[in-house]
Amino acid sequence: QVQLVESGGGLVQAGGSLRLSCAASGIIFSLNAMGWYRQVPGKQRELVAGVTRGGNTNYADSVKGRFTISRDNAKNTVYLQMNSLKFDDTAIYSCYADSPTERGTIQRYWGQGTQVLVSS
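A brief report on the enclosed structure follows. The model shown is predicted, which means the values in this text are computed figures rather than measured ones.

Right, let's talk about the state of the cysteines for a bit. For the structure shown, the criterion picks out one disulfide. Covalently, cysteine 22 is tied to cysteine 95 through a disulfide, its sulfur atoms 1.9 Å apart. Measuring the twist about the S-S bond at about 50°, one finds the cysteine 22-cysteine 95 disulfide to be right-handed. Separated by 73 residues along the polypeptide, cysteine 22 in strand 3 (residues 18-26) and cysteine 95 in strand 9 (residues 91-100) bring together distant segments of the chain. Residue cysteine 22 is classed as buried on the basis of its relative accessible area of 0%.

Looking now at the side chain of glutamate 6. In this structure, glutamate 6 sits in strand 1 (residues 2-7). Comment: no salt bridge for buried glutamate 6; closest opposite-charge side chain is arginine 45, at 9.8 Å. Looking at glutamate 6, its side chain comes within polar contact range of the main-chain nitrogen of cysteine 95, at 2.7 Å. In terms of polar contacts, glutamate 6 uses its side chain to reach the backbone amide nitrogen of glycine 113, at 2.5 Å. If sequence neighbours within four positions are ignored, glutamate 6 has contacts with Ser21, Cys22, Trp36, Tyr93, Ser94, Cys95, Gly111, Gln112, Gly113 and Thr114.

This part covers unusual backbone geometry. In this model, asparagine 76 sits at a positive phi of 50°, which is unusual for a non-glycine residue. Tracing the backbone through its elements, the reader meets asparagine 76 in the loop between strand 7 (67-72) and strand 8 (77-82). Backbone geometry places serine 84, a non-glycine residue, at a positive phi of 50°. Position of serine 84 among the secondary structure elements: in the loop between strand 8 and strand 9.

All chains considered together, the criterion is met by three aromatic pairs. The interplanar angle of 55° and the centroid separation of 5.8 Å between the aromatic rings of tyrosine 96 and tryptophan 110 together place this pair among those described as tilted. Taken as a pair, tyrosine 96 in strand 9 and tryptophan 110 in strand 10 (residues 106-110) lie far apart in primary sequence, 14 residues in all. When its relative accessible area of 5% is taken as the criterion, tyrosine 96 is described as buried. You can call tryptophan 110 partly exposed: its relative accessible area is 33%. Feature note: the residues Tyr37, Tyr96 and Trp110 constitute an aromatic cluster, connected by ring pairs. A cation sits over an aromatic face here: arginine 108 above tyrosine 96, 4.0 Å from the ring centre.

Cut-offs applied
Residues numbered from 1 in each chain as written. Predicted model: local features only at pLDDT ≥ 70, side-chain atom pairs only at ≥ 80, totals over all residues. Heavy atoms only, no water. Disulfide = S-S within 2.5 Å. Helix = DSSP H or I, 4+ residues; strand = E, 2+ residues; numbered from the N terminus. Buried < 20%, exposed > 50% of the residue type's maximum accessible area, 1.4 Å probe, protein only. Lys, Arg positive; Asp, Glu negative; His and termini not counted. Salt bridge = Lys/Arg side-chain N within 4 Å of Asp/Glu carboxyl O. Polar contact = N/O pair within 3.5 Å; in protein donor to acceptor, adjacent residues only side chain to side chain. Contact = heavy atoms within 4.5 Å. Phe/Tyr/Trp six-rings, centres within 6.5 Å; stacked < 30°, edge-to-face > 60°. Lys NZ or Arg CZ within 6 Å of the ring centre and 35° of its normal.

Next comes the structure, spelled out in structure tokens:
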């Protein structure tokens with residue numbers, strides 16, 4: 001079982017920056033992809049960014065050039081550096097981590113979510 005704990009959310013003015021962290025703990029054999037989703041009440045959850053174990057990244061078009069995802073495999077931690085924040089970035093951000101199971105499948109684990117509020 002893997003637990004994910006996020007930190008770093010909060011209130012920031014538009015144009016400011018925040019850094020989210022998500023640390024995985026528990027019984028971890030290996031972690032494949034890790035990343036972040038965000039959701040605004042009443043809207044569909046959106047993939048913000050993902051990173052493979054090897055460091056390949058992908059981003060939502062809306063955050064390209066402003067957000068940077070990274071991970072520290074030794075610490076089982078994924079980060080999301082968010083710069084030039086906009087009001088529309090306001091959401092609950094949740095991290096995920098994919099871990100292989102003994103059955104050969106992939107199990108996705110989720111964090112509890114952290115609130116990001118951007119004031120205009």
